[in-house]
2 protein chains.
Amino acid sequence: MAHHNNGMTRDEKALMQALSRAISVVPRVLDADLQRDQQLPLTDYFALTYLSEAEGQRLRINEVATRLSMTISGATRTVNRLEALELVARERSASDGRGADVVLTDVGLKRLKAAWPSHRDSARRRVLDRLDANELAVLTKALNSIGAEPDDFDSTDCPPQS
Amino acid sequence: MAHHNNGMTRDEKALMQALSRAISVVPRVLDADLQRDQQLPLTDYFALTYLSEAEGQRLRINEVATRLSMTISGATRTVNRLEALELVARERSASDGRGADVVLTDVGLKRLKAAWPSHRDSARRRVLDRLDANELAVLTKALNSIGAEPDDFDSTDCPPQS
DNA sequence: GTGTTATAGTTGCCCAGTCAAGTAAATTCT
DNA sequence: AGAATTTACTTGACTGGGCAACTATAACAC
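None of these values were measured; they are calculated from a predicted model.

Now for the interface of chain A and chain B. Quoted interface sizes are often the accessible area lost when the parts come together. With 58 residues of chain A at the contact, the number on the chain B side is 58 residues. For the pair chain A and chain B, the summed buried area comes to about 5,600 Å², and 61% of that belongs to carbon and sulfur atoms. Together, A:L15, A:R21 and A:R130 form the three largest contributors to the area buried by chain A at its contact with chain B, with a combined 11%. Taken together, chain A and chain B are joined by 21 residue pairs in polar contact (both at pLDDT 80 or more). No other element matches the 21 residues that helix 1 (residues 10-38) of chain A contributes to the side of chain A that touches chain B.

Next up on the list: the side chain of B:D101. Residues and elements named next belong to chain B. Checked against the element boundaries, D101 lands in strand 3 (residues 100-104). Side-chain polar atoms of D101 contact the side chain of R58, separated by 3.2 Å. Apart from the residues lying within four places of it in its own chain, the contact partners of D101 are R58, L59, R60, A89, R90, E91 and S93.

Take the sheet that holds strand 3 (residues 100-104) of chain A next. Residue and element names in this part refer to chain A. Across the sheet, 3 strands lie side by side as 1-3-2; this open sheet has antiparallel pairing. Only two strands of the sheet have a single partner each, and these edge strands are strand 1 (58-60) and strand 2 (88-92). Pairs of neighbouring strands in the sheet enclose a mean axial angle of 30 degrees, with direction left out of account. Sheet analysis places strand 2 next to strand 3, joined by 5 bridges and oriented antiparallel. Bridge pairing in strand 3 links E91 to D101.

A few words now on the pattern of salt bridges. Applying the stated criterion across every chain, the model contains 28 salt bridges over all chains. Among the salt bridges present, the one from A:K13 reaches B:E53, with a minimum N-O distance of 2.4 Å. One end of the pair, A:K13, is in helix 1; the other, B:E53, is in helix 2 (residues 42-53), on a second chain.

Below, the discussion takes up the confidence of the model for chain A. Looking at chain A as a whole, its pLDDT mean stands at 89, while 88% of the residues score no less than 70. Across residues 151-162 of chain A the pLDDT falls below 50, and counting only partners more than four positions away or on other chains, this stretch makes 5 contacts in the model.

This part is about the relation of the copies chain A and chain B. Between the two chain copies there is a screw-like relation: a rotation about an axis and a shift along it. At an RMSD of 0.0 Å, chain A and chain B line up after a rotation of 180 degrees and a shift of 0.0 Å along the axis. Within this description, the copies of the chain are treated as partners about a two-fold rotation axis. Same-surface contact between copies: 93% of interface residues of chain A are shared with the interface of chain B.

Here is what the cut-offs are and how they apply
Residues numbered from 1 in each chain as written. Chains lettered and ligands numbered in written order. Predicted model: local features only at pLDDT ≥ 70, side-chain atom pairs only at ≥ 80, totals over all residues. Heavy atoms only, no water. Contact = heavy atoms within 4.5 Å. Buried area = accessible area lost by both parts, 1.4 Å probe. Polar contact = N/O pair within 3.5 Å; in protein donor to acceptor, adjacent residues only side chain to side chain. Helix = DSSP H or I, 4+ residues; strand = E, 2+ residues; numbered from the N terminus. Pairing = 2+ DSSP bridges. Axes fitted to C-alpha atoms, helices over the stretch in contact; angles between N-to-C directions. Salt bridge = Lys/Arg side-chain N within 4 Å of Asp/Glu carboxyl O. pLDDT = per-residue confidence, 0-100. Least-squares fit on C-alpha atoms with pLDDT ≥ 70 in both.

Set out below in structure tokens:
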């Protein structure tokens, strides 16, 4: 019953619990808010946002993937969805014919502008309003420092047993 | 009210960005670590953990769902997976025949014990080692306060701390 | 008792996103 | 130049999990 010494402390356990709760809950509620108000999935909204901020309102697929923290194939499918709605267009890159630039369309920009207030309010209600300035700063720094590989050991081979 | 009439401040934007990155990345890396080392999905690992901590090592499906922050149907499927591996068993509840208790089996407990060091190390490497004591405390509190509905939610959601 | 409503789970259907394999253009090697 | 390799996606197969509809039991009304 008791904690073993080589385990986590109570505080560490509490953090991991809080983290896994937030990880499940936050994206769901933000997405639900946006879907309800704007019929736009959160991922697609973010993709539009990143495009709107990009030079020439265009990004390569892999840049979309990076910004969304998803795989390239995931980004491909996201762009497919947006393209079907004509919120973005694919343009074969002049400089590199292997892949396409994803370009924000006028419709896409309008859609983004229309969705923005809703997402902003949602983010305030669900997240921002509940944090004071200090928490905001610490949280931002802390969240940015977790997750990524400490130092890449990708060449890990198969575990002992087969 | 703040002094920005329309958008978010730079800091607020940075937070939302950090949050959405962490939300994508953290579960993926923790899950990948555990799958690689223990062939056990993170969700299933957490389910086993909650069962091991429960009175009589048993929980109703809906309690599993609550702890995992997922829907009841999601929890049903998680339990199905675990049951197929014989890590848990369903037992029709004596007191309420509508549903089942999910009981941790001996095999399940062994599996959990075997997986625990791996998950602990993973959590340290990916998360805990990168935070100092103050960050840990602030982050825990902050993460616990975000997400849930502001309007109509039970104050039981705000966890007391000792 | 019978009928009605509420509750606990399960199941069918769907969607987003991952991985691995495939394709096509670009780059490097010889 | 042509072959080999690397890069930049795309696609097929699959998985996890959500929603809504359904089943079975329980509880309440009469």
